[in-house]
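Chain and residue survey
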Amino acid sequence: MPLFIKEQVKTCSKLDKTERITNITMTQGYGQYILRGFFPIFLGLFLLLPEISAKHIVGGDMIYECIGNNTYIITTKMYRDCNSVNSADYDNPGWFGVYEGNTYLTTYNVPFTNRTTIPIDSDPCFEISDPPCVEEATYTFQVTLPQSNLPYTISYQRCCRNETITNIVTPGDVGATFLIEISPESQQSCNNSPEFNEFPPIVICAGVDINFDHSAFDPEGDSLVYSFCPPLIGGGVDGGPDNPTGNPNGPTGVQPQPQPGTAPPYSSVSYLAPTYTAFLPMAGDPPVTIDPETGLISGIPTTQGQFVVGVCVREFRDGVEIGEIRRDFQFNVISCTPLVIADIEADIITGPQQYEINACGDFTVDFNNQSIQESNIFQYDWFFDLQNGTDFVSNDRDVSITFPGLGTYDGVMSLNPGTPCADTAFITVNVFPDIDADFEFEYDTCVAGPVTFTDLSTTGSGQMDTWAWQFGDGNTSDQPSPEHTYQIPGDLPVTLTVTDINGCTESVTQNVGYFPAPAFLIVEPSIFEGCAPQEVFYNNLSVPIDSTYNIEWDFGDGNTSGDISPTHVYTEPGSYTINLEVTSPIGCSVGANFPNFVTVRPSPTAGFTFTPEQLTNFNMTAVFTDESMDAEAWLWDFGDGSPPVLTPSPTHTYQDTGFYEIIQVVRHPSGCLDTARALIEVEPLVTYHLPNAFTPNSDGKNEEFKGTGYFEGMTNFEMTIWNRWGELIFQTNDPEEAWNGRKNNQGDMLQNGVYVVLVGYTDPRGNPVRIKGFATLVR
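Keep in mind it's a predicted model, so treat the numbers as computed, not measured.

**A look at the overall build of the chain**
For the chain, the count of helices and strands is 1 helix and 60 strands. By the burial criterion, 46% of the 779 residues in the chain qualify as buried. In the chain, the proportion of contacts linking residues at least 24 apart, taken out of those at least 6 apart, comes to 61%. Counting every atom, the chain has about 37,600 Å² of accessible surface; 49% of that belongs to carbon and sulfur.

**So, the state of the cysteines**
Evaluation of the coordinates by the stated rule reveals 7 disulfides. The disulfide partner of Cys-205 is Cys-336, and the S-S distance across this bridge is 2.0 Å. Disulfide Cys-205-Cys-336: torsion about the S-S bond near -90°, hence left-handed. Taken together, the residues Cys-205 in strand 15 (residues 203-205) and Cys-336 in the loop between strand 22 (320-334) and strand 23 (337-338) connect sequence positions 131 residues apart. By the burial criterion, Cys-205 is buried, and Cys-336 matches it.

**Section: the sheet that holds strand 40 (residues 505-514)**
Judged by pairing direction, the sheet is antiparallel, and its 4 strands sit side by side in the order 37-36-39-40 without closing on themselves. Looking at strand neighbours, the two that pair on one side only are strand 37 (476-477) and strand 40, the edges of this open sheet. In this sheet, strand 40 lies alongside strand 39 (residues 490-500) in antiparallel orientation, the contact comprising 10 bridges. Counterpart to Val-494 in the pairing with strand 40 is Gln-510.

**A look at the packing of aromatic side chains**
A complete count under the given rule lists 47 aromatic pairs for this structure. Arranged with centres 5.4 Å apart and planes meeting at 50°, the rings of Tyr-443 and Tyr-514 form a pair that is tilted. Of the two residues, Tyr-443 is situated in the loop between strand 33 (439-442) and strand 34 (451-455) and Tyr-514 in strand 40; the sequence distance between them amounts to 71 residues. Neither residue differs from the other here; Tyr-443 and Tyr-514 are each classed as buried. A ring pair is formed by Phe-694 and Trp-739, whose centres lie 5.3 Å apart and whose planes are at 55°; its orientation type is tilted.

**Some thoughts on a negative patch on the surface**
A contiguous patch of negative charge, built from Asp-362, Asp-366, Asp-434, Asp-436 and Glu-506, is present on the exposed surface. Note on placement: Asp-362 falls in the loop between strand 25 (354-360) and strand 26 (364-366). On the accessibility criterion, Asp-362 (42% relative accessible area) is partly exposed.

**Examining the sheet that holds strand 53 (residues 651-653)**
With antiparallel pairing, 3 strands are arranged side by side in an open sheet as 49-51-53. Each of the sheet's edge strands pairs with one partner strand only, and the pair in question is strand 49 (608-611) and strand 53. In this sheet, neighbouring strand axes are inclined to one another by 25° on average, regardless of whether the strands run parallel or antiparallel. Pairing of strand 49 with strand 51 (residues 621-626), which is carried by 4 bridges, proceeds in the antiparallel orientation. The partner of Thr-609 across the bridge, within strand 51, is Thr-625.

**Section: the pairing of strand 47 (residues 574-583)**
Pairing geometry for strand 44 (residues 550-554) and strand 47, over 5 bridges, is antiparallel. Along strand 47, the bridge assignment pairs Trp-553 with Leu-580. When strand 47 meets strand 48 (residues 589-601), the two strands line up antiparallel, connected through 9 bridges. Considered in strand 48, the bridge of Thr-583 is made with Ser-589. Linking two consecutive strands that pair antiparallel, namely strand 47 and strand 48, is a turn of 5 residues; a positive phi of about 95° is found at Gly-587 within it.

**As for the nonpolar core**
Here is a general trend for soluble globular proteins: nonpolar side chains tend to be buried in one another's company. Ranked by internal contacts, the top residues of the largest apolar core, which has 91 residues, are Ile-154, Phe-367, Trp-382, Phe-384, Phe-403 and Ile-427. Looking at this core element by element, the count peaks at 6 residues for strand 5 (residues 57-68). Listed in part, the 23 residues of the second largest apolar core include Phe-555, Tyr-576, Val-598 and Val-600.

**Concerning the confidence of the model for the chain**
Low pLDDT marks stretches whose predicted atomic positions should not be read closely. For the chain, per-residue confidence averages 88 on the pLDDT scale, and 90% of positions sit at 70 or higher. Mean pLDDT in the chain bottoms out at strand 1 (residues 3-5), which sits at 26, and peaks at strand 52 (residues 633-637), which reaches 98. In the model, residues 1-55 has pLDDT below 50 throughout and makes 124 contacts with residues more than four positions away in sequence or in other chains. Long-range and interchain partners of residues 239-243, a stretch whose pLDDT sits below 50, account for 9 contacts in this model, where long-range means more than four residues apart.

**Quick word on the pairing of strand 52**
Residues Trp-634 and Trp-636 of strand 52 are buried on one face, while the alternating residues Ala-633, Leu-635 and Asp-637, pointing to the opposite face, are not. The pairing of strand 52 with strand 54 (residues 658-667) spans 5 bridges and is antiparallel. In the sheet register, Trp-634 faces strand 54, and the bridge partner there is Val-666.

**Observations concerning the pattern of salt bridges**
What the rule picks out here adds up to 15 salt bridges. Its salt-bridge partner being Glu-529, residue Arg-601 comes within 3.0 Å of it at the nearest N-O pair. Taken together, the residues span a long stretch of sequence, with Arg-601 in strand 48 and Glu-529 in strand 42 (residues 529-531) at a distance of 72 residues. Its salt-bridge partner being Glu-661, residue Arg-677 comes within 3.4 Å of it at the nearest N-O pair. Here Arg-677, found in strand 55 (residues 673-683), pairs with Glu-661, found in strand 54; they are 16 residues apart in sequence, far enough to count as distant.

The rules behind the values
Numbers given to residues run from 1 along each chain, matching the order in which its sequence is written. Given that the model is predicted, a residue must reach a pLDDT of at least 70 before its local features are reported, and side-chain atom pairs must reach 80 or more before they are shown or counted; all residues, however, enter totals for whole chains, interfaces and linings. Heavy atoms from the whole structure form the basis of all side-chain values; hydrogens and water molecules are not counted. Helix and strand labels come from DSSP, where a helix needs a run of H or I of at least four residues and a strand needs a run of E of at least two; each type is numbered from the N terminus. Any residue under 20% of the maximum accessible area for its type is buried, any over 50% is exposed, and the rest in between are partly exposed; the area is computed with a 1.4 Å probe on protein chains only. Here, two residues are considered to be in contact whenever any of their heavy atoms come within 4.5 Å of each other. Throughout, the Shrake-Rupley method with a 1.4 Å probe supplies accessible areas, and for residues the shown protein chains are the sole cover considered. Here, a disulfide means two cysteine sulfur atoms that sit within 2.5 Å of each other. Strands are treated as partners if at least two bridges between them are detected by DSSP. Whether two aromatic rings pair depends on their centres lying within 6.5 Å, for rings of Phe, Tyr and Trp, where Trp uses its six-membered ring; planes under 30 degrees apart make the pair stacked, over 60 edge-to-face, and the rest tilted. Residues qualify for a patch when their relative accessible area is over 30% and they have no salt bridge, like charges being joined within 9 Å and the nonpolar side chains of Val, Leu, Ile, Met, Phe, Trp and Tyr within 5 Å. A side-chain nitrogen of Lys or Arg and a carboxyl oxygen of Asp or Glu constitute a salt bridge if their distance falls within 4 Å. Working convention for charge: Lys and Arg count positive, Asp and Glu count negative, and His plus the chain ends are omitted. Each charge is placed at NZ for Lys, CZ for Arg, CG for Asp and CD for Glu. Axis angles are defined between N-to-C directions and span 0 to 180 degrees, where every axis is a line fitted to C-alpha atoms and, for a helix, only to the segment in contact. Here, nonpolar core refers to any group of buried Ala, Val, Leu, Ile, Met, Phe, Trp, Tyr and Cys residues whose side-chain atoms link them within 4.5 Å. Known as pLDDT, the predictor's per-residue confidence is scaled from 0 to 100.

In structure tokens, the structure reads:
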């Protein structure tokens, strides 16, 4: 086995490559190593790397036992999450580094043994629906260490922790260091390290006190001091799936190889302060703490999650610290369902399992037992001291107790007494004097106004404390005898709830039939003055009023309405007086006259014609003729962005083809306006005309055959010329290109005769045009 000694490598070449060292004896200094005992697998210069698996380490601890002659048995227990499909398996072997001070000495490759699943030792009175799974494996090896003035450190490092851990920074990117330190004092006395008595709880219920004994046993009876301490970091994500090019066995790798770069001291994890710290790793209310003398962990965690916790046990002999062990573990805080809860219906819950019931004017109390879960409750014990020399005792689930008089009575309801899953409700019953709620009201039934409410409630306590009125229209009051003005009519349910100084409460409801006529008629028209025809919305703001009231409107032009808030159109000019009368369902009436309420001014009538009715790009000028009535001013908008024209009958020339909206606005001497609109088209036209003969005889006259006309806006043009045998003689897509009498305008002149001409194109409106003609060639 190669060993790093002062950067020299000594190789046991005779060792078979299928053997592994488990025992190593080391003398003082770095001279001689004695190799003992072999197991399969060669542990050469780390040429064969252990399998690198996924993460999810959940904790571990390390102890030592001195067996004499400077020889120690090192025992490491590692814990992993075994619930997840992607959970990490244990390293097999695991790499344990040995350091003197901060100097690297050697590495032990140790297979694990005793692999077991840790049973959940949870509270039998809580149901856990989805419990976690934790597995334990043990690594044990023996090492001989010459006495030294420096401490020896044995450490094991591995990445990574669960990504879902709640209380530390980037938990999925950091691993853990598990170590034991053998101090010079422990070396001199062949001391044994303390050892934890119990495995930590896998499951902790949120909202329940932990109360876990995390104490340790010391073989020599040394004094032990307990504390929370920061867990240590070891390894990282180099070489992992997030960085596949890194070195997985480097100091920051997934599985660090012991070397000088991994020597102590080690860094600690970073907690998510200020909520969590190394010394308050789970927060809680009260906070989770550890007793320094007993190792008892107590407190109530309030947040569900996974929490990394470090527990350190310092060993003292004659007041001198000679060693320390530490445990790094992940606590799982989950929501647990209690199997037994004592609970009753109460007026007030004054504390945990503390219930208070107020009985007002009734000496008999029927208790509504809400305890759960009934299938887990096999005994109910009720006890009340009735203060008259007798006690009330019952084993029924629901009980009814008649108390002898006014006063306060204490009692309990115990579930499953004397068993692990027991619970108790502590009950206080206050028997108070009676309370009675009552009121009366008064108002003018015919004319709308406030309603006066008078409280008539009584209480045996002699003093009322609060009043709560609900007037049936969404409004409330806390006054003893309030006034309220309704904005709506109806049979309105009014409820008064009174509470006396004992907390006794009583309610009463009475209907208030509120149907008066409005005290004033208030009308808001949408417009007071406008132009005929004028639409007016009359908003009736009178209250109270609804559809059960009879409404009569007279608009002053012979028209009427029965709507609450009507809309009316005035077609003729004039000033109009409005009359409104409202009658309530019980016959109360009120009326109002609004003289000259709305004024309607006369309006002009806009209108015009234009010629010609169809414009084209050959004639883009239109003459507009005013046909309006009662107008004194005009404004024309021709729809092409040109400035408006103010003459009655203008002429306008368009600059482009297209569709245009013509708008004429006219004004009456009263100031009223009217508008007329029309759509005009300036049609884009193209023309194309074919001749019927040409004479290509070089006399300079009529030498070519082509169409004539106006081509702008023409698309997809094609002209083809064919002889009598159906042969294509000429083809062009340019309307300006002519045929010269030769085939494809090349070579010899064709013979005289009549040729068929076919022309096609698309006009500016997208319509296809087809023309057929003849071309007579004469030389």
